[in-house]
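Structural characterization, general
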Amino acid sequence: ASFFKRYLLPGFIYQSVIIAGGYATGREIVEFFFGPGPLGGLLGIMVAMTIWSVSLAACFELARITKSFDYQSYFKQTLGPASILFEITYTLQIILVISIVGAAAGELLEVNYGVSAIWGTSIMMLSVGILVFYGSNLIEKFLSAWSILLYIAYAAFVVMCISVFGDQIAENFKTVPVGEGWFIGGLTYSGYNLATIPAVLFCSRHLKTRKEAIGAGLLAGPIAMIPAIFFFVAMMGFY
C-alpha cells in the first residue's frame, strides 16, 4: 500500500465520517466549544483532537494485530458475547446520522435552489446505496477525494470570513477571556464521537506494522479536526 493509504487515508475517512455526521452544520461546534469563549473553544478542540489521535492509534493497532477490519470482528475481540449490545446501539446511531444528513441535504437543496427537499434527500440516499454496493475500494476513493474537497471548501470559507469579519474575529479572540468548561467540552465531544471509529476500520487493512498503525491514528486526529478549527475561527466573527 502507498504512503497515502497507510498514513493519511484512515484520517481522511474518519474526517468524512465526523464532518458529515457531526460538525458539518456548525451546531456541534456551538454546543461544545462556544461556552468557554474563542481561546477556550480552541483549547477544547485540541483536547478532542488529542483524545481522537490516541484512541485511533490504539484501535488501529488492535485491528491490525487481530485482523479485525470490520466492526463485528473487532468487537468480538473487545466485548466477546456482549458485542451484540454494541451492534444494536451502532445500528441506531447509523439510522440517526443518515436521517440528519438526509434531512440536511434536502433542506440545503430547497433553500438554495428551490427544489423540493425530497429530491435532495433521495439523491443522498441513492448515493450512499451506490457506494455501499460497490464496496470498500470505491468508498476509499470517493471519501478521499471528498475530504480534500472539504478541506478546500473550509479553507475558502475561513479566508472569506476573515477578509470580511477579520477585525471582529481578532477583537473577540483578544478581549474574551478563557472561560470554564473547555476541557469537559472537548472530553465530551471526543467521547461520543469515538463511537464512529468502527466505520473507519475497513481501511486499516492497509496497515502492516505497528509504526504504520500508530502513525495513522495520531495523524487522524488533526486531519479530522483542522476543518473544525477553520469553521470555529470563521464563526468567531459572530460570537
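Treat the numbers as computed from the prediction; the structure is a model and nothing was measured.

Here the structure, examined in full by the defined rule, presents 22 aromatic pairs. The interplanar angle of 55° and the centroid separation of 5.0 Å between the aromatic rings of Tyr 71 and Tyr 90 together place this pair among those described as tilted. Separated by 19 residues along the polypeptide, Tyr 71 in helix α4 (residues 71-78) and Tyr 90 in helix α5 (residues 83-113) bring together distant segments of the chain. With relative accessibility at 9%, the residue Tyr 90 sits in the buried group. Considering the side-chain rings of Phe 157 and Phe 231, the 5.7 Å spacing of their centres and the 80° angle between planes classify their relative orientation as edge-to-face. Residue Phe 157 is found in helix α7 (residues 136-175), and its partner Phe 231 is found in helix α9 (residues 210-235); the two are separated by 74 residues along the sequence. A relative accessible area of 31% means that Phe 157 is categorised as partly exposed. Through a chain of ring-to-ring contacts, the aromatic side chains of Tyr 14, Phe 32, Phe 33, Trp 52, Tyr 189 and Tyr 192 assemble into a single cluster.

Let us look at the environment of Leu 79. Its place among the elements puts Leu 79 in the loop between α4 and α5. Look at Leu 79 and you get partly exposed, because its relative accessible area is 38%.

A separate point is the nonpolar core. With 51 residues, the main nonpolar core has Tyr 23, Tyr 189 and Met 225 as its most contacted residues. Where this core is concerned, the elements lending two or more residues are α1 (3-21), α2 (27-33), α3 (37-66), α4, α5, α7 and α9. The dominant element in this core, judged by the number of residues it contributes, is α9, at 12 residues. Excluding anything up to four places from it in sequence, Met 225 contacts Tyr 23, Phe 33, Ile 45, Ala 48, Met 49, Trp 52 and Tyr 189.

Let us now look at α7. Spanning 40 residues, α7 covers only 48 Å between terminal C-alpha atoms, well under the ideal 58 Å at 1.5 Å per step. At Phe 165, α7 is deflected by roughly 90°, the largest bend along its length.

Conventions used here
- Residues numbered from 1 in each chain as written.
- Predicted model: local features only at pLDDT ≥ 70, side-chain atom pairs only at ≥ 80, totals over all residues.
- Heavy atoms only, no water.
- Phe/Tyr/Trp six-rings, centres within 6.5 Å; stacked < 30°, edge-to-face > 60°.
- Helix = DSSP H or I, 4+ residues; strand = E, 2+ residues; numbered from the N terminus.
- Buried < 20%, exposed > 50% of the residue type's maximum accessible area, 1.4 Å probe, protein only.
- Core = buried A, V, L, I, M, F, W, Y, C linked by side-chain atoms within 4.5 Å.
- Contact = heavy atoms within 4.5 Å.
- Expected span 1.5 Å × (residues − 1).
- Bend = angle between axes of the 7 residues up to and from the residue.

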